[in-house]
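Understanding the architecture of this molecule
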Amino acid sequence: MAQTLSQTPLYAWHAEHGGRLVDFAGWSMPVVYTSIVEEHRATRTAVGLFDISHMGRLRFDGTGAAGFLDSLVTRRVTRLKPGQVRYGLITNASGGILDDVLVYQMDDHMMMVVNAGNREKIVAWLNQHLQGRDDVSLSDLTYHWAMIAVQGPQAVEMLKPLLGVDLAAMKYYSAAETTIDGVGGVVSRTGYTGEDGAELIISADQAPAIWNKLVASGGQACGLGARDTLRLEAAMPLYGHELSKQITPIQAGLEFAVNLKNRTFCGSDALAEQVARREGLPQRIGLRMEGRRVPREHYAVFDREGEVGQVTSGTFSPTFERPIAMAYVTPASAEVGRMLQVDIRGKRLDAEVDSLPFYSRE
């Protein structure tokens, strides 16, 4: 029997407006409406709208919430002030990545946004570590809330009439409980495209009205395809590609999101040991190529001596109009400017190691 896919509060809109729906982490999600290139460029030049309601949204209440999360997240979260958002990772005892997450400190509670495909696993992991504690409670509100990403150079201006807070005055990685189109919600200065903008967390029943207003204001509805090309240009890792239980934050180039000094968390001992030795660890790199043949996930990467790694994500960049990719390779092959080769269907094509991110907004 086929599995019934979960639907976001905007599912009906996607189906009625030409969204090509696919199974993504157990959710029926639009991968594209018009074309990936058109949606990608709309986000880079104006405003792209993304339904990200499939992402897990968790709430933590109680006096022990900050300490509890600090024991499980690679980034220190006990010192967050109300309105601060912090990117971090949840690792297992060996330092392998279980998920990358956003932790929000609100006025009287904390929140966490997790990847859709990892939500059930992370909720189970959190509940396992909650056993015996009565100073913190966890609520999974994924199906009660919706989440919309409004991204692009015109996003802040577009959102101004809808918000009860001055978005332009908010710092990157901050959040506020405010009104959104007259209804209470949360707005955060976060995103997964490399562009300016915000993400809105609103009640599920309010999502269609707010989405329609954003579309009517000129926002371009975008699918998962453009979300992937945008995040790849911005070198943002994706779980299941650049991140996994077999990869540590140190290998992934995410050492900035690991606070080891004067604290412990699940996996901290293993990561401290890895930081101390550092030898022989595969490193995440960028690759850029000529022509139009795209390096895809699992394609082998070679130097003159033999295979040195594998591609984790690749695409034809709409911004640079060339193939780009991220890969893990041996440290000796990770130097920017080094010439490598990618085996694309039996033919080895030249690829130059590029600095990350490929794209950074002005």
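Below is a summary of the structure that appears in this document. (Residues numbered from 1 in each chain as written. Predicted model: local features only at pLDDT ≥ 70, side-chain atom pairs only at ≥ 80, totals over all residues. Heavy atoms only, no water.)

**Quick word on the sheet that holds strand 11 (residues 183–188)**
- Strand order in the open sheet formed by 6 strands is 10-11-12-9-3-13, with mixed pairing between adjacent strands. The outermost strands of the open sheet, each flanked by one partner alone, are strand 10 (175–180) and strand 13 (220–222). Recorded for the sheet is a direction-independent mean angle of 30 degrees between the axes of neighbouring strands.
- In this structure, strand 11 lies alongside strand 12 (residues 197–203), joined through 3 bridges in antiparallel fashion. Among the inter-strand pairings, serine 188 is bridged to a residue of strand 12, identified as glutamate 199.
- Lying over the sheet, helix 2 (residues 36–45) contacts strand 3 (48–51), strand 9 (145–151) and strand 13, oriented at roughly 120 degrees with respect to strand 13. (Pairing = 2+ DSSP bridges. Helix = DSSP H or I, 4+ residues; strand = E, 2+ residues; numbered from the N terminus. Axes fitted to C-alpha atoms, helices over the stretch in contact; angles between N-to-C directions. Contact = heavy atoms within 4.5 Å.)

**Considerations on the layout of surface pockets**
- Empty space within the largest pocket amounts to approximately 1000 Å³.
- Residue lining of the largest pocket: 48 residues in total, with Asp100, Gly191, Tyr192, Met236 and Pro237 positioned closest to the centre.
- For the lining of the largest pocket, the leading source of residues is helix 7 (residues 224–233), giving 6 residues.
- Here the second largest pocket defines a volume of roughly 220 Å³.
- If you go around the second largest pocket, you meet 16 residues; those closest to its centre are His241, Ile247, Gln310, Thr312 and Tyr328. (1 Å grid on protein atoms, 1.4 Å probe; cavity = no way out; pocket = protein on both sides within 12 Å on 5 of 7 lines; lining within 4 Å. Points joined across faces, edges and corners; volume = space filled by probe spheres on them.)

**Section: the nonpolar core**
- With 29 residues, the main nonpolar core has Tyr87, Tyr104, Met111, Ile201 and Leu243 as its most contacted residues.
- Mapped by element, the contributors of at least two residues to this core are strand 5 (85–91), strand 6 (97–105), strand 7 (110–114), strand 9 and helix 7.
- With residues up to four places along the chain from it excluded, the contact list for methionine 111 reads Leu58, Arg59, Phe60, Leu102, Val103, Tyr104, Met106, Trp145, Val186 and Ile201.
- In this structure, Ala155, Val156, Leu163 and Ala207 belong to the second largest nonpolar core, which totals 27 residues. (Core = buried A, V, L, I, M, F, W, Y, C linked by side-chain atoms within 4.5 Å. Buried < 20%, exposed > 50% of the residue type's maximum accessible area, 1.4 Å probe, protein only.)

**With respect to the environment of glutamine 3**
- Of note, glutamine 3 is situated in the segment before helix 1 (11–16).
- What makes glutamine 3 exposed here is its relative accessible area of 62%.
- Residues glutamine 3 and glycine 26, 23 residues apart in the sequence, show an inter-C-alpha distance of 8.2 Å.

**Focus on the packing of aromatic side chains**
- Enumeration over the complete set of coordinates arrives at 6 aromatic pairs.
- Measuring from ring centre to ring centre gives 5.6 Å for tryptophan 13 and tryptophan 211, while their planes differ by 70 degrees; the resulting arrangement is edge-to-face. With a gap of 198 residues between them, tryptophan 13 in helix 1 and tryptophan 211 in helix 6 (residues 207–216) connect regions that are remote in the sequence. Neither residue differs from the other here; tryptophan 13 and tryptophan 211 are each classed as buried. (Phe/Tyr/Trp six-rings, centres within 6.5 Å; stacked < 30°, edge-to-face > 60°.)

**With respect to the environment of serine 139**
- By secondary structure assignment, the location of serine 139 is in strand 8 (residues 137–140).
- When its relative accessible area of 28% is taken as the criterion, serine 139 is described as partly exposed.
- Remark: the alpha-carbon pair of serine 139 and valine 294, spanning 155 residues in sequence, is separated by 42 Å.

Limitation: the analysis is restricted to geometry and does not speak to function.
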